[in-house]
Amino acid sequence: MMIIVLQILEVIKDKASWHTIYRRVVTLFSTTTTGGACIEVRYTQTYAPTILVPPRDYYTLRFSSPLEDGSFVVCEGSIKPSQDAEAPQAQPFIRADLHASGCLIKPCNSTSSIVILIDQMDLKPRTVPEVLRPLYESSAILGRSITMPVLRHLRHLANDPQFLCPTSEGRQQQAAVRSLSYRLAKGFNDALSSFADDGWTPTASDGVDDVSIAVKLPMIDKGLSPCPRTAQKCIMCAKASMLLQNVSPCKLICFLREHRSEWASATLDEALHIGNPGLFGFPPDVHTHSQLLPDVNTVDHSEFLELIKMEDREGEGSISGTRTEVFLLQLCSGLEETGSGATAQMVYAPIDASISDDAQLRPSGFRVVSLDNINSNLVGGSSVLTLELASGLETTACKRGSESPDNVLSDNTSRSVLSMAFQFNIDIEMENSMAEMAKQYMRKVVSTLQRVALVLVPPSPNLLSLPSNKPCCQSPTSANNHREGSKTIAHWICRSYKMYLGLDLLHAEKENNETQLEALWKLNDALLCCNTSKLVPRFSFANQAGLEMLEVCSGAKLQDVTFEKTIINSGSHSTPILSVIEETMQQGYTYLPAGIKRSSKGRLVAYERGIAWKVIVQTEEELSVHGVAFLYMNWTLSPAIKGFGRAMKSGDSEDCQVRWSTG
């Protein structure tokens, strides 16, 4: 590499100035020794990769020293705060431990060096939900997020012929482009995190909302304190997150970039009014032009910065009828399968035509992070990550991307988490109305992304298809010709629950179609699934508790129960079930308050709460929407029939009764 040791050392020690994962690095104490070594006490804050987990901070001791052979070593590790030097820890950060880490820089000759990096961290994975723990316990993900960016940055500088001439015009131009990309990525991290010490204040929420809203007032005193509420303008940030299965992060981001009108549906006037022209969907009557700025990374082309110009030549997109020009600065990364496909993002911000270095940016966008734990696929199993590991991890990621559908849709289903944030420049007096508008828009985007994700999921020919003309609601003791269909729909009910809610419906150590069907059948809560492909929904599956709640003796008789018969259309405890189905189909799931249903015999059944979710199935080697599943918890019969017996075991009895559930 065409970089001398001291230049490499400066780049590595000053990672916070170019590595976007670092939010803040403060040197609390520093001293030098007679031998030229440097001892520092440092406090570091890092961003969280998604809004679903809290960020981490470190309190470390760093030692840097030259060696006799001309090499340079940097060692760093966590220290416990003492009474004399208390670490400035703040909410919502969780204190992580940095074990013995650092780097060794060895000169090979006058123009080359060998760099060895070691990163060892305990990120406290038990503080996050189980489905997200790979983000904080996978060494492969640690390598991608912490170590590999350093290697790529060094490799880029090593291949930059102008690196040794920082005053050259080309060098200054590339530095300006990198500065813009760094500010975009870091600003997007700030928006996702919405830290209180940056001036963000969360709006009131009922605790179950799927969209988070935060407001930031203009800052005074060089960003130390916000302006009073009498200010005219403020920035609002709407955030949401969702879990995806079997969707490649890079393919999803590529789709969002190439098909902007699918998720950006605002008119030009609406987008300009709220200060986020990126929500304008580039219709055919508006001319758009995209220009790639000089490469951010000349080695790994999976990251690039582009300038997008939207020009309404005829004034058709504007109420005023005048010509409008809008510029967007957009950063895309991780868009190549052989590149950093583990994390892909698209971040954009409106900018004026001058594209000045000090232009204020309000980034919005999407980020998809893979949750796959691929530690076992690392070549060699070495904990020392050298420059060659970059290509090794990229090859591994490429191999995983070319796996057969059998492996993709097996029990080891690939998962990823998508986080998105949109910033709006609004009038303070419109805060409440804009917050509601932002929530509605975010839910619409989420619904669109769910449909897009279904398109991008590779189909699996090995999963059993549902019989087209046969009911799939047989109990485990029913005829064998319907059992396979029952196992398949049980599998998809469980998988769809995991897809939309991020939780396991069942808690079995080893789950397959057979065990899932048995577990669903024995579930205390009443489970009903209805097919919505027809104009009138019809029941397609029920577990034992669901059959008892409907007062149906067997699964074969479930098809004789009309969906409308179980609905109570009036009364204070009635639930507008058709609107629930519509809402569930749009956003993936819906929580149900306490309510009342009817059994097939017209008797009232009360339940404390419930949940509905969309069910996706495999039909004719493609994924399609089957319908909606309902889970009713703590359901009970009307007291008038409390003493009736239970005849479910008889199977053929026409006068079977409903049991009491203990929840």
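Residues numbered from 1 in each chain as written. Predicted model: local features only at pLDDT ≥ 70, side-chain atom pairs only at ≥ 80, totals over all residues. Heavy atoms only, no water.

**Some details on the overall build of the chain**
Logical step 1: Looking only at helices and strands, the chain has 13 helices and 26 strands in total.
Logical step 2: Burial statistics for the chain: of 663 residues in total, 52% are counted as buried.
Logical step 3: For the chain, restricting intrachain contacts to residue pairs at least 6 apart in sequence, the fraction spanning at least 24 positions comes to 63%. (Helix = DSSP H or I, 4+ residues; strand = E, 2+ residues; numbered from the N terminus. Buried < 20%, exposed > 50% of the residue type's maximum accessible area, 1.4 Å probe, protein only. Contact = heavy atoms within 4.5 Å.)

**Things to note about the packing of aromatic side chains**
Logical step 1: Counted according to the given criterion, the structure contains eleven aromatic pairs.
Logical step 2: Measuring from ring centre to ring centre gives 5.1 Å for Phe-93 and Phe-195, while their planes differ by 15°; the resulting arrangement is stacked. Taken together, the residues Phe-93 in the loop between β4 (72-78) and β5 (94-95) and Phe-195 in the loop between α4 (169-193) and β10 (200-202) connect sequence positions 102 residues apart. In terms of burial, Phe-93 and Phe-195 fall into one category: buried. (Phe/Tyr/Trp six-rings, centres within 6.5 Å; stacked < 30°, edge-to-face > 60°.)

**Let's talk about helix α13 (residues 577-587)**
Logical step 1: Burial in α13 covers these residues: Ile-577, Val-580, Ile-581, Thr-584 and Gln-587. Considered in projection along α13, the buried side chains sweep an arc of 150° and stay on one side of the axis.
Logical step 2: Within two residues after α13, Gly-588 carries a phi angle of roughly 100°, on the positive side. (Arc of directions from axis to C-beta.)

**Brief notes about the pattern of salt bridges**
Logical step 1: Inspection of the entire model under this criterion finds 14 salt bridges.
Logical step 2: Here Glu-40 makes a salt bridge to Lys-13, at a shortest N to O gap of 4.0 Å. Linking Glu-40 in strand β2 (residues 38-46) with Lys-13 in helix α1 (residues 5-13), this pair joins segments that are 27 residues apart in sequence.
Logical step 3: Taking the relative accessible area as the measure of exposure, Lys-13 reaches 23% and is therefore partly exposed.
Logical step 4: Residue Asp-57 pairs with Arg-95 through a salt bridge whose shortest N-O separation is 3.0 Å. With Asp-57 in strand β3 (residues 56-66) and Arg-95 in strand β5, the pair connects residues that are 38 residues apart, well separated along the chain. When sorted by exposure, Asp-57 lands in the same class as Arg-95, which is buried.
Logical step 5: Linked by salt bridges that have partners in common, Arg-23, Arg-24, Asp-197 and Asp-198 make up one network. (Salt bridge = Lys/Arg side-chain N within 4 Å of Asp/Glu carboxyl O.)

**So, the environment of His-99**
Logical step 1: For His-99, the location among the structural elements is in the loop between β6 (97-98) and β7 (101-107).
Logical step 2: Residue class for His-99 comes out partly exposed when judged on its relative accessible area of 42%.
Logical step 3: Between the C-alpha atom of His-99 and that of Gln-120, which follows or precedes it by 21 residues, the distance is 5.2 Å.

**Focus on the pairing of strand β8 (residues 113-118)**
Logical step 1: Burial of the side chains of β8 is restricted to one face: Ser-113, Val-115 and Leu-117 are buried, whereas none of Ile-114, Ile-116 and Ile-118 on the reverse face is.
Logical step 2: Counted between consecutive antiparallel strands, the loop separating β7 from β8 contains five residues. (Pairing = 2+ DSSP bridges.)

**Section: the state of the cysteines**
Logical step 1: One pass over the structure, following the stated rule, counts zero disulfides.
Logical step 2: Take Cys-75: it sits in no disulfide, and the sulfur closest to it among the cysteines is that of Cys-103, at 8.4 Å. (Disulfide = S-S within 2.5 Å.)

**Thoughts on the nonpolar core**
Logical step 1: In terms of nonpolar packing, the biggest core is built from 50 residues, with Trp-263, Phe-366, Leu-418, Met-420 and Phe-422 touching the most fellow members.
Logical step 2: With ten residues, the top contributor of residues to this core is helix α9 (residues 431-456).
Logical step 3: Not counting residues up to four positions away in its chain, the partners in contact with Met-420 are Leu-192, Ala-238, Lys-239, Ala-240, Gly-365, Phe-366, Met-442, Val-445, Val-446 and Leu-449. (Core = buried A, V, L, I, M, F, W, Y, C linked by side-chain atoms within 4.5 Å.)

**Things to note about the side chain of Thr-590**
Logical step 1: With respect to the element layout, Thr-590 can be found in strand β23 (residues 589-592).
Logical step 2: On the basis of relative accessible area, Thr-590 is assigned to the buried category, the value being 7%.
Logical step 3: Polar contacts involving the side chain of Thr-590 include one to the side chain of Thr-584, which spans 2.9 Å.
Logical step 4: Sequence-distant contacts of Thr-590, defined by excluding residues within four places in its chain, comprise Val-580, Glu-583, Thr-584, Ile-611 and Ala-612. (Polar contact = N/O pair within 3.5 Å; in protein donor to acceptor, adjacent residues only side chain to side chain.)

**So, the packing of helix α5 (residues 249-258) against α9**
In a pair of packed helices, the angle between the axes and the distance between the axes together describe the arrangement.
Logical step 1: Where α5 contacts α9, the two axes come as close as 11 Å, and the packing angle between them is 125°. Relative to α9, the element α5 is oriented oblique. Both α5 and α9 take part in a crossing whose hand is right-handed. From α5, Lys-251, Leu-252, Phe-255 and Leu-256 reach across to α9, where they touch Leu-449, Val-452 and Leu-456.
Logical step 2: Counted by class, the contact of α5 with α9 contains six nonpolar, no polar and one charged residues. (Axes fitted to C-alpha atoms, helices over the stretch in contact; angles between N-to-C directions. Parallel < 35°, antiparallel > 145°, perpendicular 65-115°, else oblique. Left-handed = near helix turned anticlockwise from the far one by under 90°. Nonpolar A, V, L, I, M, F, W, Y, C, P; charged D, E, K, R; others polar.)

**Concerning the confidence of the model for the chain**
For any part of a model where pLDDT is low, the fine detail of the predicted coordinates should not be relied upon.
Logical step 1: In this model, the chain carries a mean pLDDT of 74, and residues with pLDDT of at least 70 account for 69%.
Logical step 2: Averaged pLDDT values for the elements of the chain fall to 34 in helix α8 (residues 405-408) and rise to 95 in β4.
Logical step 3: Note that pLDDT drops below 50 for residues 459-481; the model gives that stretch 53 contacts with residues more than four away or on any other chain.
Logical step 4: Segment residues 570-574: pLDDT under 50, and four contacts once partners within four positions in sequence are set aside and those in other chains are kept. (pLDDT = per-residue confidence, 0-100.)

**A short note on the pairing of strand β21 (residues 526-531)**
Logical step 1: When you tally the buried positions in β21, you get five out of six residues, the bulk of the element.
Logical step 2: Looking at chain direction, β21 and strand β22 (residues 538-542) are connected through four bridges and run antiparallel. Bridge pairing links Asn-531 to Arg-538 in β22.

**Considering the environment of Leu-335**
Logical step 1: When you line up the elements, Leu-335 lands in the loop between β17 (324-333) and β18 (343-351).
Logical step 2: Here Leu-335 falls in the buried class, since its relative accessible area comes to 14%.
Logical step 3: Taking C-alpha positions, Leu-335 is 5.2 Å from Ser-302, a pair spaced 33 residues apart along the chain.

**What about unusual backbone geometry?**
Logical step 1: A positive phi is found at Ser-194, a non-glycine position, where the angle reads about 50°.
Logical step 2: Tracing the backbone shows Ser-194 in the loop between α4 and β10.
Logical step 3: We classify Ser-194 as buried; its relative accessible area is 13%.
Logical step 4: Phi is positive for Asn-634, close to 55°, though the residue is something other than glycine.
Logical step 5: By the element assignment, Asn-634 lies in strand β26 (residues 622-637).
Logical step 6: A relative accessible area of 22% means that Asn-634 is categorised as partly exposed.

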